[in-house]
Amino acid sequence: MIIYFASVILSCSFTYLDTYKKNHAEKIGLAGWIAILISCFLAGAREIGVGSDTIGYGSIMFEVATRTNSLSAYVNSNISYVAQAELVYRIFIYLISRISKDIFFQFFIIQFVIMLFLYKGFKENHLGRYTWLAMFLYYMLFLGFSLNLMRQSMSIAIIFWGMRYIKQREFFKYLLVVIIASSFQMTSIVSIFLYPFYYICLDETKNSASRLTRFCHRYRRAINICILLISASVVIGARNIIGFVANLGIKKSYSVQYNNIRGGKLFNNSSLILMIMFIFPFWIWYRNMRRKNGEFNFYFM
């Protein structure tokens, strides 16, 4: 556990060195690359048992790829873990296996993709010297999940970076980002709804011709509270929601996830409380960002 905390502290420290005097620089400096690579080495060197998906599709897909002589044979494999993964992810893993047969490189490269898109997203949103805080929150809230939910974490990181196109009102570029993210994890397709959702709730919509946007501006505080309550309800009720989806028989893996949640393997209330504790420092950063950038609203946070 000590090595994890030490890696987080080092990575956040190098992030601070990269950004504390560069409030609007989007280019990643040497210290920034070191901050990213620290996380990658940590992910690559971890025990194979860290994360249920690591033991499952993570290690099995890579092992099959190293023993397969052609890409076509791999992507058409009948092995369940390989067959159930998205096509682009299968190609991605096969290409990594051509670099090295050491599973360290798979975990290293996956984490590199995650951290690169996250860090670029932080930089391009001009977080300045508060970038280290964003990194700290990522580590405290999501690093453990990223070591397990590898496909999902890559997709989320790509979507996060692509949210720049929402702010720039470039729908087709954002759509392309969503398609790319969904090619790693299909559930990312729901991110398409972030585009209209963001603009409905912008502060600058008070003079909009749309009744809906004016309504959202007028009752913004109440809507914020409702969104938080709904989000909390979804998290707390995840067991029942996934159970309902599993009963629909859409995808076999949902039944496995439901059994894990029912057995308390994936989520518990103490985890939620711990995550909420780490969110509090975020409000300090959020208030500063609101003063600097009126478009940095509650929903983008």
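Right above here is the structure, for reference.
Residues numbered from 1 in each chain as written. Predicted model: local features only at pLDDT ≥ 70, side-chain atom pairs only at ≥ 80, totals over all residues. Heavy atoms only, no water.

(A) Layout of the packing of helix H7 (residues 103-124) against helix H9 (residues 150-162). The geometry of H7 relative to H9 is characterised by a closest axis approach of 8 Å and an angle of 20° between their N-to-C directions. Judged by the angle between their axes, H7 and H9 are roughly parallel. H9 is crossed by H7, and the crossing has left-handed handedness. Two secondary-structure elements touch here, H7 through Phe-107, Ile-110, Val-113, Ile-114, Phe-117, Leu-118, Lys-120, Gly-121, Phe-122 and Glu-124 and H9 through Met-150, Ser-153, Met-154, Ala-157, Ile-158, Phe-160 and Trp-161. Looking at the contact of H7 with H9 residue by residue, the classes come out as 13 nonpolar, 2 polar and 2 charged. (Axes fitted to C-alpha atoms, helices over the stretch in contact; angles between N-to-C directions. Helix = DSSP H or I, 4+ residues; strand = E, 2+ residues; numbered from the N terminus. Parallel < 35°, antiparallel > 145°, perpendicular 65-115°, else oblique. Left-handed = near helix turned anticlockwise from the far one by under 90°. Contact = heavy atoms within 4.5 Å. Nonpolar A, V, L, I, M, F, W, Y, C, P; charged D, E, K, R; others polar.)

(B) Structural detail: the nonpolar core. Among the nonpolar cores identified, the biggest contains 53 residues, and Tyr-74, Tyr-89, Phe-92 and Ile-93 are the most heavily contacted of them. With 9 residues, H7 is the single largest residue contributor to this core. In contact with Ile-93, other than residues within four places in its own chain, are Met-61, Phe-62, Ala-65, Tyr-74, Gln-106 and Ile-110. (Core = buried A, V, L, I, M, F, W, Y, C linked by side-chain atoms within 4.5 Å. Buried < 20%, exposed > 50% of the residue type's maximum accessible area, 1.4 Å probe, protein only.)

(C) Quick peek at the side chain of Ser-188. Inspection of the secondary structure puts Ser-188 in the loop between helix H11 (171-182) and helix H12 (194-200). Judged by its relative accessible area of 8%, Ser-188 falls in the buried class. Once you skip the residues sitting within four places of it in the chain, Ser-188 turns out to touch Ser-155, Val-178, Ala-181 and Ser-182.

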